[in-house]
Each structure stands twice: as structure tokens, then as C-alpha cells.
Amino acid sequence: MNTRLTTFSNDGLTFDVIDEGPLDGTPIVLLHGWPQTAAQWSRLAPHLHEHGYRTIAPTQRGYSRGARPRGRYAYRMSALVGDTVALINALGGEPVHLVGHDWGSAVAWSTATAHPELVRTLTSVSVPHPMAFMRTMLTTTQFFRTFYMVLFQIPWLPELVISRALRAARRPDRRARALALSGMDAEQFDRILRDILDAGALKYSINWYRAMLITDPRAASRKVSAPTTHVSSTRDPFMVAENARLAARYVTGPFTHEVLDATHWVPEERPAELAALILSRTAASTR
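About the thresholds
Residues numbered from 1 in each chain as written. Predicted model: local features only at pLDDT ≥ 70, side-chain atom pairs only at ≥ 80, totals over all residues. Heavy atoms only, no water. Pairing = 2+ DSSP bridges. Helix = DSSP H or I, 4+ residues; strand = E, 2+ residues; numbered from the N terminus. Axes fitted to C-alpha atoms, helices over the stretch in contact; angles between N-to-C directions. Parallel < 35°, antiparallel > 145°, perpendicular 65-115°, else oblique. Left-handed = near helix turned anticlockwise from the far one by under 90°. Contact = heavy atoms within 4.5 Å. Salt bridge = Lys/Arg side-chain N within 4 Å of Asp/Glu carboxyl O. Buried < 20%, exposed > 50% of the residue type's maximum accessible area, 1.4 Å probe, protein only.

### Considerations on the sheet that holds strand S3 (residues 27–31)
- With mixed pairing, the eight strands of this open sheet are ordered in space as S1-S2-S4-S3-S5-S6-S7-S8. Sheet topology places strand S1 (7–10) and strand S8 (255–260) at the edges, where each strand pairs with a single neighbour. With direction set aside, neighbouring strand axes in the sheet form an average angle of 20°.
- Pairing geometry for strand S7 (residues 228–233) and S8, over six bridges, is parallel. Within the sheet, the bridge partner assigned to Thr229 lies in S8 and is Thr256.

Pasting the structure below:
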């Protein structure tokens, strides 16, 4: 496909897309996490463009203004995977290099298991294979690190509390504390205020968590056949190291685990280093 993709459609919804880099370059699809948008990849994408790759970053379901269905059922994993498949088909239907961070990583893993014919390589960042994550919830401190997922099951209250906290964080006397608690820099935090809070995406994005309880466990247990790199970080407060190690058990193709010195927000903190790992994975697939 030699034209820029600015939007694509699926399930009667319209998704915004950031499509950059050489039009004739091999496509790399970048899936963002919570609470972010496709702009999450703005620091990393130029490093991929320098090597001739085209990057396609969708703003996903619940985040794009034209893709905000009501109710948690619309945010089950099969629907999120369907959006990714629709995007790949909009690009021509050829297999792509797939990269995801945080929730985007969960969608990338699930896409690679459900539609292996569409994924040339997989690079997951921070969040491992769903079964690796679920196993550590039962055997490590992972449950306590992500206890907020349980709290997010409560109707309307989480979005009320978070929205009030974000509005309060605009005050100069609270901004420094908000940045310290989030682990983000000012640019990242301002994007959340603008693209999530002000844009009205917060209550829809939380439905990703509420839909976790209606995900088919059989689908979550499938293994990935695509060449895969999982990237974890040394200072991620949300993820235990064990789930990254367990990820290898759910990949039948070539697998590499890489560790970067960063917090949870790897694409923004270590864009050059992460890009190098993605390029190493994509290059290996062409040898």
C-alpha cells in the first residue's frame, strides 16, 4: 500500500492512525498501552525510519474519538485483536512486524497466537504472554503490583478518582509529586492530560481492564510461533521479573529476552535502545 493511512475501520468504528516513514518500507505496527495513544511511539519511530521501515501506530479502541463503544463486552480481547487484524488488512493483508507495549503488548501476543499468518515477528515490551502473567499472579507478588486491576472492576468510581487526581495534578504545587508517582516526564504526563483526560477517553480505556474477566482462557493459553523478543526493564514497578522468564515457555519459534535499565515507560525512556532490539528481531527474520 503506497498511500498514507490516516484512519481505518472495524466493527463500525473509525480508528486514527499515525503512519510515518518510507511508504515503500517494510511495515512495523506499533500498539500503545494504557493510558496512552499512538503518540507514545513518537520518540522511537524515527529510529526505525532511519533503517527504512514504515511505522503504523493506531490509536486503539476506546482512545480514538470514533472508536468508543459503550460497555465492557466491546473491549474483550477478541475485539481488540480484530481491530489489529483490520488494520493489517487495510495495509494490504501481508504479514507485519508487530510491536506492543503494556496493554498493546497483550494485544500483540494475542494477535500472534490467533493469526500467526499475519505476524512476521513479535516484539513485546513490559507485558509478557498472557499465561506467563496469569501464572505469576498466583505464585509471586505480581497480584499486589497490579491490584489496581481489581479496583478497576468497580463501576464509575475508578474513572472519577483518576480524573480528579489528574485535574489536581495540573496545579503547580502538585505537579512534581504527580510526575514522581507516575514515573513519567512532563511531556508524557501532559499527553495523558490532553489525549486521555481532556479528550474524554478515560472511562472507555478502563473498559479494557473490565473486559479481562470475559476473556476466553483457552485463547490465552495458545503459543506463539513467530520469532519473538520480549523486553523487560529493571525498574518496572508493575511487573515482576519472573513473568518475563516464563514468557519463553509460550513461544515455539526463536525467542529472546532482553532487559533495559528503565521504568515501565520503556519506549519513551529508551527509544534508541528499544529500536535497536526491534531492528535486531526484524533483521533476523530476513536472514
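### Here's the deal with the packing of helix H7 (residues 157–168) against helix H9 (residues 186–198)
- Two elements in contact, H7 and H9, have axes whose closest approach is 11 Å; the angle formed by their N-to-C orientations is 130°. One finds that H7 runs oblique with respect to H9. Of the two possible hands of crossing, H7 and H9 adopt the one that is left-handed. Of the residues in H9, those touching H7 at Ser163, Leu166 and Arg167 are Phe189, Ile192, Leu193 and Leu197.

### Observations regarding the pattern of salt bridges
- Within the structure shown, the criterion is met by 14 salt bridges.
- In this structure, Arg61 engages Asp83 in a salt bridge whose closest nitrogen and oxygen atoms are separated by 2.8 Å. Here the residue Arg61 occupies a position in the loop between strand S4 (54–58) and helix H2 (77–90), and Asp83 occupies one in helix H2, the gap between them amounting to 22 residues. Across this residue pair, the class does not change: Arg61 and Asp83 are buried.
- Here Arg194 makes a salt bridge to Asp195, at a shortest N to O gap of 3.0 Å.
- We classify Arg194 as partly exposed; its relative accessible area is 44%.
- Here the residues in one salt-bridge network are Arg43, Asp185, Glu187 and Arg191, joined through shared partners.

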